[in-house]
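Letter by letter, the chains look like this.
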Amino acid sequence: MILNLAWLIITYVLCSVPFGVFITRAVCGLDPREHGSRNIGATNVARLCGARYGVAVLALDLLKGFFCVWVATTFNDGWLYLSLCALAAVLGHMYSCFLSGRGGKGFATTIGGFLALAPLTTVLSVALCIAVIVLSGFVSLGALMFGAALPVLLLLGGNVAFVPAALVAMLFLYWKHRDNIERLARGQENPWRRKKGDSD
Ligand code: G3P
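Described in the following lines is the structure provided in the data block. (Residues numbered from 1 in each chain as written. Predicted model: local features only at pLDDT ≥ 70, side-chain atom pairs only at ≥ 80, totals over all residues. Heavy atoms only, no water.)

### Some details on the site of the ligand
Next, step 1: If you check the shell around the ligand, you find Ser 37, Asn 39, Thr 43, Asn 44, Arg 47, Lys 105, Phe 107, Val 139, Ser 140, Ala 143, His 177 and Asn 180 and nothing else.
Next, step 2: Arg 47 is positioned such that a nitrogen or oxygen atom in its side chain is 2.7 Å from an oxygen atom of the ligand.
Next, step 3: A distance of 2.9 Å separates an oxygen atom of the ligand from a polar atom in the side chain of Asn 180.
Next, step 4: Considered on its own, the ligand offers 300 Å² of accessible surface; in the complex 96% of this is hidden by protein.
Next, step 5: Put simply, the ligand lies in the largest pocket.
Next, step 6: Counting residues per element, the ones that place at least two in the shell around the ligand are α3 (42-49) and α8 (139-156). (Near = heavy atom within 4 Å. Polar contact = N/O pair within 3.5 Å; in protein donor to acceptor, adjacent residues only side chain to side chain. Areas by Shrake-Rupley, 256 points an atom, 1.4 Å probe, with all protein chains shown as cover. 1 Å grid on protein atoms, 1.4 Å probe; cavity = no way out; pocket = protein on both sides within 12 Å on 5 of 7 lines; lining within 4 Å. Sits in = over half its atoms within 2 Å of the grid points. Helix = DSSP H or I, 4+ residues; strand = E, 2+ residues; numbered from the N terminus.)

Listed below in structure tokens is the structure:
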């Protein structure tokens, strides 16, 4: 009981670590919360510092989610506990205790958390998401596709136990992407690359 509760809290704290802020500050001396889309995630880091640093942040944000949920699977195989752990990871990134409750949009950390729970379904959802990003040029649209595909594919694959957690993660993901959704609807979404001449 104590271990389960402690690991949930540790998951929240570890997944609160804002790699995007650290890397952007260290590499280009900027705070991603004040530039570009003002998000701390990989897409904005790529925009501000270059693709390779975006990939680094993507990997770290994904790995923190994967690591925390994977560790949980080694001592508890209950679907409810593992679902709570995945959500603690996602919420840690989105509402970071190191950023006064603010944070990122949770895309990479959601991928990482669910990779530990349902690897095949998560990989399929990521494949759909990559197709959307390649076709549209917008990472946010891919993230929205991922959020919607995950619960549907879990259901179709018979992995019903994790559907509620995937739905909750999707709701938070969509809420965090509400500005992107508005920009997409207006045809004004930011590409991942900063356009020449853009100051912010
Ligand atoms: O997950 C973040 C991505 O979907 C959108 O990032 O910086 O374009 O708002 P950004």
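### Structural notes on the packing of α3 against helix α4 (residues 51-75)
Next, step 1: Packing of α3 against α4 brings their axes to within 7 Å, and their N-to-C directions diverge by 155°. By the angle between their axes, α3 is roughly antiparallel relative to α4. As for how α3 packs across α4, the hand of that crossing is right-handed. Facing Ala 42, Val 45, Ala 46 and Cys 49 of α3, the residues of α4 in contact are Ala 51, Tyr 53, Gly 54, Val 57 and Leu 58.
Next, step 2: In terms of residue class, the contact of α3 with α4 is built from eight nonpolar, one polar and no charged. (Axes fitted to C-alpha atoms, helices over the stretch in contact; angles between N-to-C directions. Parallel < 35°, antiparallel > 145°, perpendicular 65-115°, else oblique. Left-handed = near helix turned anticlockwise from the far one by under 90°. Contact = heavy atoms within 4.5 Å. Nonpolar A, V, L, I, M, F, W, Y, C, P; charged D, E, K, R; others polar.)

### Overview of the nonpolar core
Next, step 1: Formed by 37 residues in total, the largest nonpolar core has its most connected members in Trp 7, Phe 107, Phe 114, Leu 117, Phe 146 and Leu 154.
Next, step 2: Of all the elements in the fold, those that place two or more residues in this core are α1 (2-15), α4, α5 (79-94), α6 (107-117), α7 (119-136), α8 and α9 (163-176).
Next, step 3: When residues of this core are assigned to their parent elements, the largest contribution, nine residues, is made by α5.
Next, step 4: Formed by six residues, the second largest nonpolar core is a distinct cluster that contains Ile 23, Ala 42, Val 45 and Leu 48. (Core = buried A, V, L, I, M, F, W, Y, C linked by side-chain atoms within 4.5 Å. Buried < 20%, exposed > 50% of the residue type's maximum accessible area, 1.4 Å probe, protein only.)

### With respect to the packing of aromatic side chains
When we look at a pair of aromatic rings, we describe it by the centre distance and by the angle of the planes.
Next, step 1: One pass over the structure, following the stated rule, counts four aromatic pairs.
Next, step 2: Aromatic side chains Phe 75 and Tyr 81 sit 6.0 Å apart centroid to centroid with 55° between the ring planes, which places their arrangement in the tilted category.
Next, step 3: Its end group placed over the ring of Tyr 95, Lys 176 keeps NZ or CZ at 4.4 Å from the ring centre.
Next, step 4: Seen from the ring of Trp 175, Arg 178 lies directly overhead, with NZ or CZ sitting 3.8 Å from the centre. (Phe/Tyr/Trp six-rings, centres within 6.5 Å; stacked < 30°, edge-to-face > 60°. Lys NZ or Arg CZ within 6 Å of the ring centre and 35° of its normal.)

### Some details on the pattern of salt bridges
Next, step 1: Counted according to the given criterion, the structure contains five salt bridges.
Next, step 2: Among the salt bridges present, the one from Asp 61 reaches Lys 64, with a minimum N-O distance of 3.3 Å. Taken together, the residues span about one helical turn, with Asp 61 and Lys 64 both in helix α4 at a distance of three residues. As far as the burial class goes, Asp 61 and Lys 64 line up, both buried.
Next, step 3: In this structure, the salt-bridge partner of Glu 189 is Arg 183, at a minimum N-O distance of 2.8 Å. The exposure classification of Glu 189 matches that of Arg 183, with both residues buried.
Next, step 4: The network of salt bridges with common partners includes Arg 25, Asp 31 and Arg 33. (Salt bridge = Lys/Arg side-chain N within 4 Å of Asp/Glu carboxyl O.)

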